[in-house]
Amino acid sequence: MDDMCVDIEEGWMVAIDESEQAMTKESGVCKIVDYSELPERYACSPAPAYTTYISVFDDGVLPTSSQTYDVAAVGADTCHVLVATSGELSMLRLKDNGNYERIGGVENTGYMAVVPAEGSADKAFALRSNGLDVVDITDFSNPTVSSSVSLSSYRCSRLREYKTSTFDVVYASCHDQGVFAIDVRNEPTLLNNGVGLKPLTGEAKGLYVDVARNLLFVVTWGSDPHVHMYDLSSPGPGAPAELSSMKTDRSSYEIAMSGTYLFLAAEPELEVMNSDGGQLTRISSCCSHAPSMHLVGLTYFNGMVYASDYMGKLVVMNVTEPTAPYYVGHRDLPSGFNGKEGIIVATCESTPRVFQAGAGGGLAVFGDIEPMSTPVPPTLAPPPPPMPPSCDDIEVYEGDNATGVCPEGKVIMTKHVVNWCMTEVCEKMVDGTSVALDGEDSMILRKVGTTCEIVSGTADSGAACGPPAPLTKFVSSYKEDLLPDGSSATDVAVLGTDDRNIVVVGSGGLTIIRTTEDGKFQRAAQVSGGDYVAVLAADHNPDIVYALTKDSLHIYSVMPASSAGLIGEVSIDSSSCKSLSQLRWSSNTHIAYLNCGESGVFAVDVLDSKAPKVLAEGKPVIDAPVPGMITDVFVDEKRSTLFATMKTADQASVAMYSLTNPTKPELLDSILSDHTSFDAEVVGTLVYVAAGDKLEVYETASGKFQLLSACCDEGPVMNLVSIKHMGGLIYATDASGKLVVLNVTDPRAPYYAGHRDMPDGVQVDGNNRLTIAALADGEVRVFQAAGDSGLVVFSNVESAGNAPPMTPSPNVQPTTPAPVSCEEYSLVDYDDGTSSGGSESSSGSGLNGSDSSSSDLQDAAMPFCPDGMTMPPLEEVQVCWDAICSQLDAGASAGFGDGSSTIVANKKNDCGLGGGGVVATKAICRAKESNGTPAPPNSAAVNEESGDNTGLLVAAIIGPIFVMLLAAGALAAVYVYMKKMINKSVDEELQDFDYVRTQEFDGPEEQLTEAEILQATVSNNSNYDKL
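What you see is a predicted model, and the numbers here were worked out from it, not measured in a lab.

A.B. asks: Explain the overall build of the protein to me, please; I cannot follow it from the model alone.
C.D. replies: Per the secondary structure count, the protein includes 10 helices and 72 strands. Every one of the 1027 residues in the protein was classed for burial, and the buried ones make up 54%. Considering only contacts in the protein between residues 6 or more positions apart, those separated by 24 or more positions represent 53%. Carbon and sulfur atoms provide 47% of the accessible area of the protein, an area that totals close to 42500 Å².

If you want it as structure tokens, here you go:
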């Protein structure tokens, strides 16, 4: 907006897109408005070179009122296409003007899929819901059915052919009946006695046949979705043996392939797997940063995946690097066009085109689909989590200073920070004194002699003070001129991916607020409405929000703000509604779940925004405990799961429900909590619960709750009532008048990172919620609805873009941190994570240390380090990010932290954090201290027993080799030089050990530790002799 505004003159009206909207400039400010007369000027830019919309064929070309499900290019020139519709199998031909015309068809009902016959230009196979037709297309204008076979199913939907020199088999996916195999060498004949191949999980949906490797892939739909891989060569194509299967995060509709990589249309995302070596492994997923997707069909072409979106879009994703796919863009289709599974790329007259089938819209055709010459992925990484201040910046204020009071610009340090900086802080204290630490649990730091310890008690003087952690900076608190007089703010939602437009609701109705050029806020629109308790931005439409009162749901169109207004509403049989979440379950199911406290959880169909309706006959789909209430609901769309926090007079609990049937949630598990549960946030398989004075963290991958940790005893007393997660941090509303920030980078050991007090007079409670927006420049803003005080805004701009220092594990007494030397990190190859030389990260234990062999999280091998070495946390890796990245080839990845985190090279010298399921090929390792606890780089073991130079020269004694050196009284040090062994094959690595040698010792900086020498021998036992 700002860049375009420079080129617009005062008073101009400039048309944008096809939305009947325009940009105008008044008093130097540009805004978007509706127009009634066509503007004389247009905003134009180069067309992205991935798709150009050509046309959509409606009832004038295809049968009247038919649904279109699939499309296949046929003939030697592929300029003819067969279209499977509910009314007929239509043959279309390219005309001179670039459009298509119908020239013939097979009149039959219920065609669901069509594929051309391999190696034959005059035959095709067409699947009906209950049978297969072999279609003769010798005469394109008169296709005819030459033979057929019936199937014992009425739900068949996808079709693939497997043709070799011996076999010609067509596979039909038929949901609960499995996959039928049909021999089509002569008359079509059912194989396997007419019984479908039934995967062990769910209903068969998408298919793909890899003829070159004799493999069949099947994705299943349902509560336990999987992808299955079958060997068509053994015992035979009629009843193939299953080689591998893997649970998917969500039900998938269809499969596309490139080489050994599988691309799954998993509705809100693209899942990528590798099938190399006869095993399925999850590689990556895409695209959390993109506009919401509803993928049901897809095809691969020239490094791109073209996907059919049932909400009326063609979505394009770049998969040139399968480990790091990214969203390229999309093309909207006319209203009413709902994409279906059928989508192909076909080249006619040297021009590749995309053909996309759609219910209610016929067939869409796109051209100019070559991928962009220089694709540039967007910047996705969130800003790094805030780190504790430097130990040198912490001062001890004693004497006349009142206990707990710090000078201006300083804040009291928490127990966690002081524990990390114990050595530096203790040196600044006087023997026999104690100073206060942050927290209402009376924790102090006491010094006796030369030793300091953290204990409970009352400080006798002063406090440990330091700079505020750069986690949030108070920006402003707004009430006047933004919200109506006498109104209050209960909830806030962000429209889009930044904070340019936000919606605040409360007793004054709904207010749309926009960021001005100078970073301030101004009211863009005010819509009178109910006394709202919650608001939620619709994930399927950026212009829609849901606003909840205690007894009704209102749906608003909020963009453009100038025409914002109510478009739909529905009453709820309750007077205690509190919050809401939402689920996109299928093409015709989009549900908002309303938490109505004592009345339970209601489900509202919001697919038609103008006519929402309460499901389950207006009754709650989840009952509240009696006596008691539900305090919050959260829907995990990936797993079709709903989480609810509940409380009664004497206990609290968290419950997990399956939404396989979205109107009849099935209880999977529940767990009692020692604390009142107010709010929940789900990140992957982790559930964070705001439980008053605790943050509780649960693992749910197994379908059961496992308590990982509770936070935070080392911080001040908390009263958490609302939480949001972003970038490894939990931002929490504290009812005592604070914004609390908790570091959950390691969910097993979260810790208190700091807080910001609300402005004077601002009070928040469990009825006030917050939300977060990530700006393009790395800034994070926290928006806190603050009741009668209006809106409070915080920012992390002080830390944006700064590489954080190392962070310790909580409750570990560290040594003095040394500066990081990136040369002390090694990248170690590993195979299956089961080597006896592995660290605890390869033990196969789950996140809480229990046996997790049944957990899907453990399907993939974890990286490990040799004995004596450990994988550093993210904060250390970030310091040496560029150095590590430069050693990784495109597509390579390296694990760190607990082994489940990875750094992935999108391309050479361009790395990012790996998403869930990325399997690393290397481990990032550094030395441990001799006691087994991780040591920061540059920390060296010191031989305290020997006082002579010999002890320094042989500080790393690792076995007979060095014992013999000592016995000989060797005065020359052992200096081991190992060339970097990154991005090379095993053979090359073995050759590199020829560089291992001894030479005269020049200085202490050239000595290697025991662990570093051990690393060379553990990598390959034969290298021990070389050393």
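Next comes the rest of the account.
A.B. asks: Help me out: how do you make sense of the sheet that holds strand 9 (residues 100-107) in this one?
C.D. replies: Strand pairing in a sheet relies on backbone hydrogen bonds. The paired strands run either parallel or antiparallel. With respect to topology, four strands assemble into an open sheet ordered 6-7-8-9, the strand pairing being antiparallel. Two strands bound the open sheet, and with one partner strand each, they are strand 6 (68-74) and strand 9. Pairs of neighbouring strands in the sheet enclose a mean axial angle of 25°, with direction left out of account. Of the strand pairs in this sheet, strand 6 and strand 7 (residues 80-85) are connected by six bridges, and their pairing is antiparallel. Directly across from Ala-73, in strand 7, lies its bridge partner Val-81.

A.B. asks: Which parts of the structure should I look at to understand the sheet that holds strand 21 (residues 241-247)?
C.D. replies: One open sheet accounts for four strands, arranged 18-19-20-21; its pairing is antiparallel. Of all the strands in the sheet, just strand 18 (203-210) and strand 21 have a single pairing partner and so form its edges. Going from strand to strand, the sheet's axes swing by 20° on average, the running direction of each strand aside.

A.B. asks: In this structure, what is going on with the pattern of salt bridges? I would like to understand it.
C.D. replies: Any two side chains of opposite charge can pair, on the condition that their charged atoms come close. Enumeration over the complete set of coordinates arrives at 18 salt bridges. With a closest N to O distance of 3.8 Å, Lys-31 and Glu-26 form a salt bridge. Judged by its relative accessible area of 40%, Lys-31 falls in the partly exposed class. In this structure Glu-26 comes out as partly exposed when scored by relative accessible area, which is 46%. The partner of Arg-213 in a salt bridge is Asp-210, with the nearest N and O atoms 2.7 Å apart.

A.B. asks: Sorry if this is basic, but what is going on with the state of the cysteines here?
C.D. replies: Among covalent bonds in proteins, the disulfide is the one between the sulfur atoms of two cysteines. As enumerated under the stated definition, the model contains seven disulfides in all. Linked covalently through their sulfurs, Cys-5 and Cys-30 form a disulfide whose S-S length is 2.2 Å. Taking the torsion about the sulfur-sulfur bond, which here is approximately 85°, the covalent link between Cys-5 and Cys-30 counts as right-handed. With Cys-5 in helix 1 (residues 2-6) and Cys-30 in strand 3 (residues 29-34), this pair connects stretches of sequence that are 25 residues apart. Each member of the pair Cys-5 and Cys-30 is classed as buried. Covalent S-S linkage joins Cys-79 and Cys-348, the inter-sulfur distance amounting to 1.8 Å. Classification of the bridge connecting Cys-79 and Cys-348 rests on its S-S torsion, roughly 100°, and on that basis the disulfide is right-handed. Taken together, the positions of Cys-79 in the loop between strand 6 and strand 7 and Cys-348 in strand 30 (residues 338-348) put the pair 269 residues apart, joining distant regions of the chain.

A.B. asks: When you look at the environment of Lys-610 in this model, what are you seeing that I'm missing?
C.D. replies: Along the polypeptide, Lys-610 turns up in the loop between strand 50 (601-605) and strand 51 (613-614). Residue class for Lys-610 comes out exposed when judged on its relative accessible area of 66%. For the pair formed by Lys-610 and Leu-566, sequence separation is 44 residues and the distance between their alpha carbons is 8.9 Å. When neighbours within four sequence positions are excluded, Lys-610 is seen to be in contact with Ile-567 and Gly-568.

Each value, and the rule that gives it
- Residues numbered from 1 in each chain as written.
- Predicted model: local features only at pLDDT ≥ 70, side-chain atom pairs only at ≥ 80, totals over all residues.
- Heavy atoms only, no water.
- Helix = DSSP H or I, 4+ residues; strand = E, 2+ residues; numbered from the N terminus.
- Buried < 20%, exposed > 50% of the residue type's maximum accessible area, 1.4 Å probe, protein only.
- Contact = heavy atoms within 4.5 Å.
- Areas by Shrake-Rupley, 256 points an atom, 1.4 Å probe, with all protein chains shown as cover.
- Pairing = 2+ DSSP bridges.
- Axes fitted to C-alpha atoms, helices over the stretch in contact; angles between N-to-C directions.
- Salt bridge = Lys/Arg side-chain N within 4 Å of Asp/Glu carboxyl O.
- Disulfide = S-S within 2.5 Å.

All quantities given are derived from atomic positions and should not be read as evidence of function.
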